[in-house]
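Each chain, letter by letter, is given below.
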Amino acid sequence: MTHAGPAIELDRAGRTFGDRVALRPLDLAIPPGEIFGLLGPNGSGKTTTLRILATLIRPTTGTARILGHDVVTAAMDVRRRVGVMPEKPSLYERLTVRDNLVFWADAHTLPDTRAAIASALAFVGLEARADDRVGQLSKGWRQRVALARAIVHRPRVLLLDEPSSGLDPSAAAAMERMIRALVADGATVLMNTHRLAEAERICDRVAILRHGELLELGTPRQLRARLLGNVVNVELAGPPTLPVRRAVEATPAISDVRWLPGGFACRLEDADRDTPALIAGLVHAEAQIVSVVQAGDLESAYLELMARTAREDELEAAA
Amino acid sequence: MTAFTVAPSVRALIRKELREYRHHRMILMTATVLPIVFLLLPIANLALFDPERSIGGVNLAVGQAMFCFFLCPVIIPATMSAFAVIGERDQGTLEPLLTLPLSDSQFLAGKVLAIVGPTTAASFAIYLAYMSVVVAVAQEPVRSAALDWTWPFGFLLLAPVLALFSTLTGMAFSARARDIRVAEHLSGLVLLPAMLPVMLVVTRTIEPSVLSWGAFSAVVAALDFAIWRLALRAFDRERAISTA
Ligand SMILES: Nc1ncnc2c1ncn2[C@@H]1O[C@H](COP(=O)(O)OP(=O)(O)OP(=O)(O)O)[C@@H](O)[C@H]1O
Ligand SMILES: [Mg+2]
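Conventions we followed
Throughout, a residue's number is its position along its own chain's written sequence, starting from 1. Each chain gets a letter, beginning with A, and each ligand a number, beginning with 1, in the order they are written. Only residues with pLDDT of at least 70 are given local features in this predicted model, and only at 80 or more are side-chain atom pairs given and counted; all residues enter the totals for whole chains, interfaces and linings. Hydrogens and water molecules were not included; the side-chain quantities draw on all heavy atoms of the structure. Elements are defined by DSSP. Helices are runs of H or I of four residues or more, strands are runs of E of two residues or more, and each kind is numbered from the N terminus. For every residue, the accessible area obtained with a 1.4 Å probe (protein chains only) is divided by the maximum for its type, and the residue is called buried under 20%, exposed over 50%, and partly exposed between those limits. All accessible areas in this document rest on Shrake-Rupley with a 1.4 Å probe, and a residue is counted as covered only by the protein chains that are shown. Neither His nor the chain termini are counted; the positive set is Lys and Arg, and the negative set is Asp and Glu. By convention, charge coordinates are those of NZ in Lys, CZ in Arg, CG in Asp, or CD in Glu. A radius of gyration in this sense is built from C-alpha atoms; the matching globule rule multiplies 2.2 Å by the number of residues raised to 0.38. The contact criterion used is simple: two residues touch if any of their non-hydrogen atoms lie within 4.5 Å. One bridge is not enough; two strands pair if DSSP finds at least two bridges between them. Only the stretch in contact is used when fitting a helix axis, every axis being a line fitted to C-alpha atoms; angles between N-to-C directions are given from 0 to 180 degrees. Start and end points for every domain follow an automatic or database-based domain assignment. Only nitrogen, oxygen and sulfur atoms count as donors, using a 2.8 Å cut-off from the metal that widens to 3.2 Å for Na, K and Ca. Water is left out, so coordination shells may look unfilled. The criterion for a residue being near a molecule or strand is simple. One of its heavy atoms has to lie within 4 Å of it. Throughout this description, a polar contact denotes any pair of N or O atoms lying within 3.5 Å of each other; where both atoms belong to protein, one of them has to be capable of donating a hydrogen while the other can accept it, and for residues adjacent in sequence the pair is counted only when both atoms sit in side chains. Once two parts are joined, some of their accessible surface, as seen by a 1.4 Å probe, is lost; buried area is that loss totalled over both. Residues are grouped as follows: Ala, Val, Leu, Ile, Met, Phe, Trp, Tyr, Cys and Pro are nonpolar; Asp, Glu, Lys and Arg are charged; every other residue, Gly included, is polar. The term salt bridge refers to a side-chain nitrogen of Lys or Arg lying within 4 Å of a carboxyl oxygen of Asp or Glu. As used here, the arc is the angular range of directions from the helix axis to the C-beta atoms. Pairing of aromatic rings covers Phe, Tyr and the six-membered ring of Trp, with a centre-to-centre limit of 6.5 Å; geometry is then stacked below 30 degrees between planes, edge-to-face above 60, and tilted otherwise. Only when the NZ of Lys or the CZ of Arg is both within 6 Å of the ring centre and within 35 degrees of the ring normal is a charge said to sit over the ring.

**Q** Even after reading the chapter, I still don't get the overall build of chain A, so can you show me in this structure?
**A** Looking only at helices and strands, chain A features 11 helices and 14 strands. When burial is assessed residue by residue, chain A has 51% of its 319 residues classed as buried. Accessible surface computed for chain A: about 14400 Å², of which carbon and sulfur atoms make up 51%. Across chain A, the centroid of the 39 positively charged side chains sits 5 Å from that of the 40 negatively charged ones.

**Q** Mind showing me how you'd approach the overall build of chain B here?
**A** What chain B contains, in helices and strands, is 11 helices and zero strands. When the helices and strands of chain B are listed from N to C terminus, the series reads α-α-α-α-α-α-α-α-α-α-α. The C-alpha atoms of chain B give a radius of gyration of 19 Å, which matches the 18 Å a tight globule of 244 residues would have. Classification of the 244 residues of chain B by burial places 50% in the buried group. The long-range fraction of contacts in chain B, counting pairs at least 24 apart against all pairs at least 6 apart in sequence, stands at 85%. Accessible surface, chain B as shown: approximately 11000 Å² in total, 70% of it carbon and sulfur. In chain B, 18 positive and 16 negative side-chain charges are present, and the distance between their average locations comes to 6 Å.

**Q** Even after reading the chapter, I still don't get the sheet that holds strand E10 (residues 213-218) of chain A, so can you show me in this structure?
**A** Backbone-to-backbone hydrogen bonds join strands into a sheet, with any given pair of strands oriented parallel or antiparallel. Residues and elements named next belong to chain A. Within the open sheet, the six strands sit side by side as E6-E7-E8-E3-E9-E10. Their pairing is mixed. Edge strands, defined here as strands with exactly one partner in the open sheet, are strand E6 (82-85) and E10. Direction aside, the axes of adjacent strands within the sheet are offset by 15 degrees on average. Sitting on the sheet, helix H6 (residues 169-184) is in contact with strand E3 (35-39), E6, strand E7 (157-161) and strand E8 (188-192), with an inclination near 150 degrees to E8. Along the sheet face, helix H11 (residues 298-318) touches E3, strand E9 (205-210) and E10 and points at about 30 degrees away from the line of E9.

**Q** Looking at this structure, I do not really get the domain arrangement of chain A. What am I missing?
**A** You'll often see interface size given as the accessible area lost when the parts meet. As assigned here, chain A comprises domain 1 (8-218) and domain 2 (230-294). Centre-to-centre, using C-alpha coordinates, domain 1 of chain A lies 42 Å away from domain 2 of chain A.

**Q** Can you help me understand the coordination of the magnesium ion (ligand 2) in this one?
**A** Six octahedral donors at a metal ideally form angles of 90 or 180 degrees, and four tetrahedral donors ideally form angles of 109.5 degrees. Within the protein, the magnesium ion (ligand 2) binds to A:Thr47 (OG1) and A:Glu87 (OE); these donor distances fall in the range 1.9 to 2.3 Å. Taken together, the residues span a long stretch of sequence, with A:Thr47 in helix H1 (residues 46-53) and A:Glu87 in the loop between E6 and helix H3 (97-107) at a distance of 40 residues.

**Q** Is there a simple way to explain the sheet that holds strand E12 (residues 254-260) of chain A in this structure?
**A** All names here are of chain A. The four strands lie next to each other as E12-E13-E11-E14, forming an open sheet whose pairing is antiparallel. On the outer flanks of this sheet lie E12 and strand E14 (289-294), each paired with one strand and no other. Averaged over all adjacent pairs, the angle separating strand axes in this sheet is 15 degrees, with direction ignored. Pairing between strand E11 (residues 231-236) and strand E13 (residues 263-268): five bridges, direction antiparallel.

**Q** I'm lost on the site of ligand 1 in this one. Help?
**A** Taken together, 15 residues surround ligand 1, and among them A:Gly43, A:Lys46, A:Thr47, A:Thr48 and A:Glu87 come closest. Surrounding ligand 1 is a set of residues that belongs to chains A and B. Here an oxygen atom of ligand 1 and a backbone polar atom of A:Ser44 are 3.1 Å apart. The separation between an oxygen atom of ligand 1 and a polar side-chain atom of A:His194 is 2.9 Å. In the complex, the protein chains occlude 72% of the 630 Å² of accessible area that ligand 1 would expose alone.

**Q** Honestly, the interface of chain B and chain A in this entry has me stumped. Any pointers?
**A** Between chain B and chain A, the residue contacts involve 28 residues of the former and 28 residues of the latter. Between chain B and chain A, a total of about 2700 Å² is buried, with carbon and sulfur atoms accounting for 63% of that surface. When residues of chain B are sorted by the area they lose upon contact with chain A, B:Thr99, B:Pro101 and B:Glu238 head the list and together hold 23% of the total. Viewed at the interface, chain A and chain B are joined by 10 residue pairs in polar contact (both at pLDDT 80 or more). Examining the composition of the side of chain B that touches chain A, we find that eight residues originate from one element, helix H1 (residues 8-22) of chain B, more than from any other. When grouped by side-chain class, the residues that make up the side of chain B that touches chain A number 11 nonpolar, nine polar and eight charged.

**Q** Looking at this model, I keep getting lost on the pattern of salt bridges. Mind explaining?
**A** One side chain can pair with another of opposite charge once the charged atoms of both are near each other. Residue and element names in this part refer to chain A. Inspection of the entire model under this criterion finds 29 salt bridges over all chains. Between Asp-256 and Arg-267 there is a salt bridge, and its shortest N-O distance comes to 3.3 Å. Of this pair, Asp-256 sits in strand E12 while Arg-267 sits in strand E13, and the two are 11 residues apart along the sequence. A relative accessible area of 48% places Asp-256 in the partly exposed class.

**Q** What exactly am I supposed to notice about the pairing of strand E2 (residues 20-30) of chain A here?
**A** Taken residue by residue, a regular strand's side chains alternate between the two faces of the sheet. Residue and element names in this part refer to chain A. The sheet contact formed by strand E1 (residues 8-17) and E2 spans seven bridges and is antiparallel. Counted as the bridge partner of Ala-13 is Leu-26 from E2. Adjacent in sequence and paired antiparallel, E1 and E2 are bridged by two residues, among which Gly-18 carries a positive phi angle near 65 degrees.

**Q** I tried to follow the side chain of A:Glu216 on my own but got confused; where do I start?
**A** Residues and elements named next belong to chain A. You can see Glu-216 is positioned in strand E10. Using a relative accessible area of 12% as the deciding quantity, one classes Glu-216 as buried. Within the local environment of Glu-216, its side chain forms a polar contact with the side chain of Arg-226, the two groups lying 2.5 Å apart. With near-sequence residues (within four places) excluded, Glu-216 lies in contact with Val-206, Ala-207, Ile-208, Leu-223, Arg-226, Leu-227 and Leu-305.

**Q** Help me out: how do you make sense of helix H9 (residues 242-250) of chain A in this one?
**A** Along an α-helix, a turn takes 3.6 residues, which lines up residues three or four apart on a common side. Residue and element names in this part refer to chain A. Among the residues making up H9, those that are buried are Val-244, Ala-247 and Val-248. Projected down its long axis, H9 shows its buried positions confined to an angular sector of 100 degrees, all on one face. Facing away from the buried side of H9 by over 90 degrees, the exposed positions are Leu-242, Arg-246, Glu-249 and Ala-250.

**Q** In this structure, what is going on with the packing of aromatic side chains? I would like to understand it.
**A** Any two aromatic rings considered together are summarised by their centre-to-centre distance and by the angle between their planes. Following the criterion strictly, the structure yields 16 aromatic pairs over all chains and no others. Relative to B:Tyr130, the ring of B:Tyr127 lies with its centre 5.9 Å away and its plane at 25 degrees, an arrangement referred to as stacked. With B:Tyr127 and B:Tyr130 both in helix H5 (residues 104-137) and three residues apart, the pair spans about one turn of that helix. B:Tyr130 matches B:Tyr127 in its accessibility class, with the two residues each being buried. Note on B:Trp213 and B:Phe216: the rings are 6.5 Å apart at their centroids and 75 degrees apart in plane angle, and the pair reads as edge-to-face. Here B:Trp213 pairs with B:Phe216, and both are found in helix H10 (residues 210-234), just three residues apart, close to one helical turn. Overall, B:Trp213 belongs to the buried group, its relative accessible area being 0%. Of the aromatic side chains, those joined through ring pairs into one cluster are B:Phe69, B:Phe70, B:Phe124, B:Tyr127, B:Tyr130, B:Trp151, B:Phe155, B:Trp213 and B:Phe216. Between the NZ or CZ atom of A:Arg245 and the centre of the ring of A:Trp259, over which it lies, the distance is 4.8 Å. In this structure, B:Lys16 is placed above the aromatic ring of A:Phe103, and the distance from its NZ or CZ to the ring centre is 5.6 Å.

The structure is reproduced here in structure tokens:
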């Protein structure tokens with residue numbers, strides 16, 4: 001049963017619709033237990049990628065596998081192992097929450113349908129609304145039903161298309177918690193999102209697509225560092241002593257140190273790699289560190305990337 | 001066609017469909033009001049019948065009654081099959097539905113059986129009710145004409161294959177049609193020729209017999225099989241979700 005390789009694997013998988021390229025051949029390997037975020041502007045190919053993995057559309061080039069099962073040649077094996085939350089909640093509105101889940105659990109021919117439904121309902125906190133018609137629920141509750149439906153058969157791989165879109169901040173936070181809990185329980189998650197702060201909080205790695213093309217791939221930190229430079233801001237209590245200044249200057253791979261009231265900003269060659277050494281030096285020099293923060297967030301990095309690619313497009317168009 | 005052992009996932013789909021019908025006013029109306037009308041019309045027809053009429057007249061009256069019963073498995077599926085496809089599409093449920101572990105033929109079988117089963121059952125039920133009324137109150141010569149065994153024989157044989165025909169064509173049309181009403185009208189047109197054999201027997205152009213009913217049922221069953229194969233081949237998951 002257990003599969004050794006990546007949980008989700010795209011191998012030059014691409015998709016065109018007539019002349020329109022929805023997804024350029026994409027290579028991606030997502031190990032088990034990872035939360036992977038697909039980011040990108042509208043129409044960049046995120047849903048197309050998810051649909052290929054959910055066996056809804058076939059790739060026109062390359063292959064894709066879920067837990068080693070090919071999405072085209074072993075579609076049924078894939079369907080049994082994935083839980084899908086589509087872009088729209090897409091529930092049977094005339095049926096109750098429970099009946100929506102009963103159908104899903106039955107269709108997956110689970111050994112103990114009742115227990116599976118009860119635990120899915122409990123997981124998303126919907127026990128009290130279980131016998132309400134879905135049509136009467138608000139958007140936030142529907143999203144929960146859609147998540148409950150996606151997990152009722154305890155899939156090892158979850159494909160979530162904008163799971164928190166349209167949710168209020170606390171509902172979105174609840175969705176985040178639930179996704180984390182699922183991964184803690186052993187699932188692998190591929191999710192599309194436009195909420196960059198959310199992606200930064202919960203995704204182990206993200207990919208940024210644009211016009212169906214992969215622009216960036218890495219941890220949110222790596223992307224921040226790559227796109228925004230490795231600027232680190234250090235806040236100190238009290239003016240820096242001479243040993244502190246010396247320790248800073250002596251940090252390997254440091255440059256552009258700017259002393260400011262209450263601390264300093266500097267550039268490191270690789271913020272992730274070099275920050276520990278910087279902090280160690282500061283501690284050794286008995287600096288009173290209040291905070292050490294990498295500058296910028298995923299959102300600024302994303303916007304920087306989009307601005308950069310837009311400039312490149314303009315130059316290309318001009319040439 | 002699928003074997004008589006229905007896969008559990010297909011049964012799940014059938015149960016879901018039946019649950020949805022229960023909460024759909026138009027389906028409920030069609031599935032309850034129509035059979036009642038089709039039961040009351042023939043009974044009224046027989047009740048008002050003048051027993052002094054010729055044997056030809058008796059046969060015609062019984063035939064008219066039978067025509068009503070045969071309409072039941074043909075008309076009811078038209079409404080239900082349109083809903084079976086367009087209902088999913090309008091709710092946007094087709095996309096998640098297609099991520100379930102069901103093969104193309106299992107989807108189609110589930111959808112079709114959920115319509116053919118209840119429709120056939122309702123048709124048999126009203127026919128049985130009519131027969132009971134005949135046994136209880138009808139006078140000769142109407143009584144023996146109505147109880148002539150070739151009628152129930154023909155009905156038992158033909159009603160299910162007609163229901164299947166009506167369901168399959170209805171679903172084929174609704175898969176293409178944008179609007180539920182257009183789909184219903186279009187499939188209504190196809191269903192007229194399906195009633196042709198029944199009309200021939202009812203008007204005694206052809207005598208009701210094991211042979212004639214058997215032949216008609218065989219022809220409709222062959223058509224059913226052909227449409228099933230066509231429908232399976234035309235089933236296109238990608239197009240289904242991209243027009244959703
Ligand atoms: N069935 C289809 N037929 C034709 N073109 C399609 C189809 N599905 C998607 N596309 C096109 O493929 C491209 C990528 O679409 P996709 O839905 O994957 O984008 P997305 O990244 O999910 O966007 P959003 O953020 O708006 O959800 C778009 O240009 C879209 O118009
Ligand atoms: Mg999308």
